[in-house]
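# Topology and contacts: notes
For reference, the chains in residue letters:
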Amino acid sequence: MKPVTLVELSSPGCQICRAFEEFWHSIEKDWSNVAFKKLDVTSPEGQEVVQKHMIFASPGIILNGELWATGGFDKNKFTEKLKELSNG
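Reference entry: report on the structure contained in this document.

### Overview of the nonpolar core
- Counting 14 residues, the largest nonpolar core has Leu6, Trp24, Ile27, Val34, Leu63, Phe78 and Leu82 as its most contacted members.
- At the level of secondary structure, the elements contributing two or more residues to this core comprise strand E1 (4-10), helix H1 (15-27), strand E3 (60-63) and helix H3 (75-87).
- If one sorts the elements of this core by residue count, H1 sits on top with four residues.
- If near-sequence neighbours (up to four positions away) are discounted, Leu82 is found in contact with Val4, Trp24, Ile27, Trp31, Val34 and Leu63.

Listed below in structure tokens is the structure:
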């Protein structure tokens, strides 16, 4: 499997962010090739990512440096995208 980077840009108190994290942690054992990183939008690094990808809603979900979703996510589409990136 190809390595995949997953960055979640979250904001404090964001319910969808927490739902995404819970979902990710429930499936991450199946995705040993995925490197997960959580960034807080209030951090300097988080602000850089917000500006780079023009993210206006949390969570911002970035896969391999490409913005995949903001403000929400579809579990099935997310796992399909992981399969696509992992198998290349």
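### Concerning the packing of aromatic side chains
- Under the counting rule described, the total for this entry stands at seven aromatic pairs.
- Both rings, one in Phe20 and one in Phe78, keep their centres 5.3 Å apart while their planes meet at 90°; by these two values the pair is edge-to-face. Linking Phe20 in helix H1 with Phe78 in helix H3, this pair joins segments that are 58 residues apart in sequence. Residues Phe20 and Phe78 agree in their burial class; the two are buried.
- An aromatic cluster is present here, built from Phe20, Phe23, Trp24, Phe36, Trp68, Phe73 and Phe78 joined pairwise through their rings.

### Overview of the pairing of strand E2 (residues 34-40)
- Looking at chain direction, E1 and E2 are connected through seven bridges and run parallel. For Thr5, the partnering residue across the bridge sits in E2 and is Ala35.
- In this fold, the crossover linking E1 to E2 by way of H1 has right-handed handedness.

### What about the pairing of strand E4 (residues 66-70)?
- For E3 and E4, the ladder comprises four bridges, and the chain directions are antiparallel. Considered in E4, the bridge of Ile61 is made with Ala69.
- Remark: two residues form the turn of the hairpin made by E3 and E4, two consecutive strands paired antiparallel; Asn64 in that turn has positive phi of roughly 50°.

### Some remarks on the state of the cysteines
- Using the criterion set out here, one finds one disulfide in the structure.
- The disulfide that involves Cys14 links it to Cys17, with 2.4 Å between the sulfurs. Note on the Cys14 and Cys17 pair: the S-S dihedral is about 85°, so by sign convention the disulfide is right-handed.
- Judged by relative accessible area, which is 2%, Cys17 ranks as buried.

So, how was this worked out
Residues numbered from 1 in each chain as written. Predicted model: local features only at pLDDT ≥ 70, side-chain atom pairs only at ≥ 80, totals over all residues. Heavy atoms only, no water. Core = buried A, V, L, I, M, F, W, Y, C linked by side-chain atoms within 4.5 Å. Buried < 20%, exposed > 50% of the residue type's maximum accessible area, 1.4 Å probe, protein only. Helix = DSSP H or I, 4+ residues; strand = E, 2+ residues; numbered from the N terminus. Contact = heavy atoms within 4.5 Å. Phe/Tyr/Trp six-rings, centres within 6.5 Å; stacked < 30°, edge-to-face > 60°. Pairing = 2+ DSSP bridges. Right-handed = clockwise from strand over helix to strand, strands pointing away. Disulfide = S-S within 2.5 Å.

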